[in-house]
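The chain contents come next:
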Amino acid sequence: MGKRMLFLLGVAFLMSANLFSQSDIKYVFYFIGDGMGVNQVNGTEMYLAEKEDSIGTVPLCFTQFPVATFATTYSATNSVTDSSAAGTALASGEKTANGTIGMNADHTAPVYSVAQLAKNSGAKVGVISTVSIDHATPAAFYAHKPDRNMYYEIACDIPAAGFDFYGGAGFASPATSFNKEEVVSIFEILKRRNYNIAVGLSGYEQVKNKGNIVMVEKRGKNDAMKFAIDRDSADLSLKQMTECAIRSLYNRGKGFFLMVEGGMIDWACHSNDAATAFEEVVDMDEAVKVAFEFYKKYPKETLIVVTADHETGGLSLGNGPYKLNLKLLSEQKVSKDVLAKKINELHKSGKKVEWENIRTLLRDNLGFWDTVRLTKDERSELLEAFEDEFVKNEEDDEEVLYSQSGKVADKAIELLNRHANIEWGSHGHSAGYVPVFVIGEGSELFNGKLDNTDIPKKIAELAGYGKKEK
Ligand SMILES: [Zn+2]
């Protein structure tokens, strides 16, 4: 390219940047529902309506935003993306290879996220999720690693990015390197680099005025908080973590950028567990509502973008008959994971597990036999799973990414979904469109069909975050 051409391009860039210099966007919320395709959103709203005995939708907060469109999600190497390539695209605007965090497709150079741009522009920055802080989506905003499974090494990139607030379930591999060596705990490293570790809400209260914060949940597992459907009032929620992040990041100077991931919609969809997935979408919407309340205080200065990294499960709303029966899903009291655990506990109790024990458990937790009437064939399917799991005592559980459910739990949830007229295409991701919802000054910039890489570029443009180079 000639020098003159470069000059002209430079002028064009400055002019386009100038166009938006009028934008006063100072506060950016970037919500990512992992695995939240269009049917996950539509299904949730129709589920909420059917719970009230009506056909139609009960709108979530974010679906009422004035701009609603959709985006493609394919990665540089795969028609169907994984979360790390999708996260990198949503963070940095660059397509990369599946499995990659914050680097280009051939792993020769890092790519920098809109969060990093925000930080460089003087904004405070937060990254929070319901899964571990070193998991693919949050990692794509601060880390640069060729393999998403390098959890410890990913976490070690936290101080270099230097963001002000990190939050999540914990760390997937806090003291073991990718090479399986025992190493200095990530908590120790973070403390040395002046991060305050806040465990739960009470921990947050103790350190909230002391500078940079890494907030983790004490009651969940290291790699994930509990599913919303399984949570009790003592468990930390994404909504509460969002409130803490806002309190820590809020300032009237250069404002803030906050990425919030609903990370477990994806896990529920990998398990083909619709009730759990829909409750996760509602749960993320609760966090969006916190951002929306903030928006109402600073409507000229706040931008909220809600989207997803990819669809998971090939969720189909309808399985033949022209009807849905989503109200049945409200009979489900626990996630498939917890149901499997409950069944496993029967197993471990030492006593012989009788079919009657299973029947009682499925009646209490899924409404089987009372509200959900199984056909003779379906009863046989369930009995077969029971005999496989308990009588023959074969322990070869069907292994699904992120979930190790037993055969009875798997079959029971499959039957409940079938009765709700829901069908799943697979236990993996799909290339389906993901929805994009936006509110804030200049949000019409998002109109029209998008690619996932467009989204961070538009956010940077509206917030005036400047050039990409670090
Ligand atoms: Zn994902």
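Residues numbered from 1 in each chain as written. Predicted model: local features only at pLDDT ≥ 70, side-chain atom pairs only at ≥ 80, totals over all residues.

With that settled, consider the packing of helix 10 (residues 238-249) against helix 12 (residues 274-297). Between helix 10 and helix 12, the least distance of the axes is 8 Å, while the angle of their chain directions is 30 degrees. Judged on the interaxial angle alone, helix 12 and helix 10 are roughly parallel. Where helix 10 crosses over helix 12, the two elements pack in a sense that is right-handed. Residue-level contacts link L238, K239, T242, E243 and I246 of helix 10 to D283, M284, E286, A287, V290, A291 and F294 of helix 12. Class assignment of the residues belonging to the contact of helix 10 with helix 12 gives a composition of seven nonpolar, one polar and four charged. (Axes fitted to C-alpha atoms, helices over the stretch in contact; angles between N-to-C directions. Helix = DSSP H or I, 4+ residues; strand = E, 2+ residues; numbered from the N terminus. Parallel < 35°, antiparallel > 145°, perpendicular 65-115°, else oblique. Left-handed = near helix turned anticlockwise from the far one by under 90°. Contact = placed C-beta atoms within 7 Å. Nonpolar A, V, L, I, M, F, W, Y, C, P; charged D, E, K, R; others polar.)

Looking now at the nonpolar core. Membership of the largest hydrophobic core comes to 144 residues, with the highest contact counts inside it found for V28, A115, A118, I304, A412 and I459. No other element matches helix 12, which puts 12 residues into this core. Mapped onto the domain boundaries, this core takes at least three residues apiece from domain 1 (25-316 + 432-463) and domain 2 (332-420). For I304, the contacting residues outside a window of four places in its chain are F29, F65, A291, F292, Y295, V438, I439 and G440. (Core = buried A, V, L, I, M, F, W, Y, C linked by C-beta atoms within 7 Å. Buried ≥ 20, exposed ≤ 12 C-beta atoms within 10 Å, placed from the backbone. Domains from an automatic or database assignment.)

Looking at where V436 falls in the secondary structure, it is placed in strand 13 (residues 434-439). It is 27 Å that separates the C-alpha atoms of V436 and D147, two residues lying 289 residues apart in sequence. Residues in contact with V436, not counting those within four places in the same chain, are T69, F70, A71, T307, F446, L450 and I455.

Helix length check: helix 14 (residues 355-366), at 12 residues, gives a terminal C-alpha distance of 16 Å against a target of 16 Å (1.5 Å per residue), a fit within 8%. Buried residues belonging to helix 14 abut helix 13 (336-348), helix 15 (376-391) and helix 16 (407-419). G367 sits one or two positions beyond helix 14 and adopts a positive phi of about 70 degrees. (Expected span 1.5 Å × (residues − 1).)

Turning our attention to the confidence of the model for the chain. Of all residues in the chain, 91% attain a pLDDT of 70 or more, and the chain-wide mean is 92. Considering only residues more than four positions removed or in separate chains, one finds that residues 398-405, a stretch of pLDDT under 50, has 23 contacts. (pLDDT = per-residue confidence, 0-100.)

Further remarks concern the domain arrangement of the chain. You can read the domains of the chain as domain 1 (25-316 + 432-463) and domain 2 (332-420). Taking the mean C-alpha position of each, domain 1 and domain 2 sit 33 Å from one another. On the domain 2 side, the residues contacting the 12 residues of domain 1 number 14 residues. Put simply, the parts of the chain that give the side of domain 1 that touches domain 2 at least two residues each are helix 11 (265-270) and helix 12. Residue composition of the side of domain 1 that touches domain 2, grouped by class: six nonpolar, four polar and two charged.

Where helix 13 meets helix 16, the closest approach of the two axes is 8 Å, and the angle between their N-to-C directions is 135 degrees. Judged by the inter-axis angle, helix 13 sits oblique to helix 16. By crossing handedness, the relation of helix 13 to helix 16 is classed as right-handed. Contact residues: helix 13 offers K336, L339, A340 and I343, while helix 16 offers V408, A409, A412 and I413. Its residues placed into classes, the contact of helix 13 with helix 16 shows seven nonpolar, no polar and one charged.

Trans is the prevailing form of peptide bonds, just as negative phi is the prevailing case for residues other than glycine. Residues other than glycine seldom take positive phi values, yet D53 does so here, at roughly 65 degrees. Residue D53 is classed as exposed on the basis of its 7 C-beta neighbours within 10 Å. Phi angles above zero are rare outside glycine, and H107 is one such case at about 60 degrees. Assignment of secondary structure puts H107 in the loop between helix 3 (83-92) and helix 4 (114-120). Given 15 C-beta atoms within a 10 Å radius, H107 is considered partly exposed.

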